[in-house]
Amino acid sequence: MQVAAAITIDFQVQGFFILPCDMNLLIFLFGMFAIDHGLYVSVTNVKYAGNDTWEVSCRLFNTDLEDAIRDFSGESVSLRTDGDIKKSEALVAGYIKAKMHFITQQGNELALKWVSGSAENDTVWSYFIVEGTSIDVVENALLVELFSDQENVVAIERDGEKRYLRFNAGVKRLQLE
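Since this is a predicted model, take the numbers as computed values, not measurements. (Residues numbered from 1 in each chain as written. Predicted model: local features only at pLDDT ≥ 70, side-chain atom pairs only at ≥ 80, totals over all residues. Heavy atoms only, no water.)

## What to know about the overall build of the chain
The following threshold applies: Put simply, DSSP H or I for four residues or longer makes a helix, DSSP E for two residues or longer makes a strand, and each gets a number counted from the N terminus. The cut-offs for exposure are 20% and 50% of the maximum accessible area for each residue type, with area from a 1.4 Å probe on protein chains only; residues under the lower value are buried, those over the upper are exposed, and the others partly exposed. We call two residues contacting when some pair of their heavy atoms lies within 4.5 Å. Per-residue accessibility takes into account occlusion by the displayed protein chains alone, with areas from the Shrake-Rupley method and a 1.4 Å probe.
For the chain, the helix and strand inventory stands at 4 helices and 13 strands. Here the chain holds 177 residues, and the buried ones make up 48% of them. When contacts within the chain are restricted to residue pairs at least 6 apart in sequence, long-range pairs at least 24 apart make up 60% of them. Of the roughly 8,600 Å² that the chain leaves accessible, carbon and sulfur atoms contribute 48%.

## Let's talk about the confidence of the model for the chain
Stated precisely, the cut-off is as follows: Values of pLDDT, which run from 0 to 100, indicate the predictor's confidence residue by residue.
For the chain, the mean per-residue pLDDT works out to 85, and 79% of the residues sit at or above 70. Below pLDDT 50 for its whole length, residues 1–21 participates in 52 contacts with residues either more than four positions away or in separate chains. Confidence drops under pLDDT 50 across residues 29–35; counting only partners more than four residues distant or on other chains, this segment forms 14 contacts.

## Describing the environment of Phe147
Tracing the sequence through the fold places Phe147 in the loop between strand S10 (137–140) and strand S11 (151–158). Taking the relative accessible area as the measure of exposure, Phe147 reaches 15% and is therefore buried. Separated by 108 residues in the primary sequence, Phe147 and Leu39 have C-alpha atoms spaced 10.0 Å apart. Setting aside its immediate chain neighbours within four residues, Phe147 contacts Tyr40 and Asp64.

## Structural notes on the packing of aromatic side chains
As a reminder of what qualifies: The pairing test for Phe, Tyr and Trp rings, Trp by its six-membered ring, is centres within 6.5 Å, and the orientation test on the planes gives stacked under 30 degrees, edge-to-face over 60, and tilted for anything in between. By definition, being over a ring means that NZ of Lys or CZ of Arg is both within 6 Å of the ring centre and within 35 degrees of the ring normal.
The tally for this structure, following the rule as stated, stands at 5 aromatic pairs. On the numbers, 5.4 Å between centres and 80° between planes, the contact of Trp114 with Phe128 is edge-to-face. Here the residue Trp114 occupies a position in strand S8 (residues 112–120), and Phe128 occupies one in strand S9 (residues 123–131), the gap between them amounting to 14 residues. For the cation-ring pair, Arg158 lies above Tyr48, with the distance from its terminal atom to the ring centre recorded as 3.8 Å.

Right under this line is the structure:
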């Protein structure tokens, strides 16, 4: 098992969560490569909200997520508008829940609970809540079945401490220090 290193970067307020500057760069790159993109990256932000609750937001290219859901469930979906996402939220949530896991030190998986989703340009934001006091292991295999060069970045924040994890086809599970 690989152990993730902590990195500290200044933060800026950006919408639903506080995002690190480097994460904002990744989000900017989403827009640059949105049409026939050659960049395969997902961005997930996890922030402790208090009262044993974590807020999770996950951003994926809509066409990649549509392809992944089709391969995963056998159903074709369109994820271009908020209405499309609302109609397909069970499929979106089901795929993400199957590919991303948060685990305690005792080995208990913390359930991802769907909150909502939204379309933004050529991407889909999915919002979840996770209940638990700590996250000790993260698994993220989003889209690696589609793209061998898929990169999944997870930013975790609790009590002012920020950690960044990078997942890909060869690294799907990391333990926090």
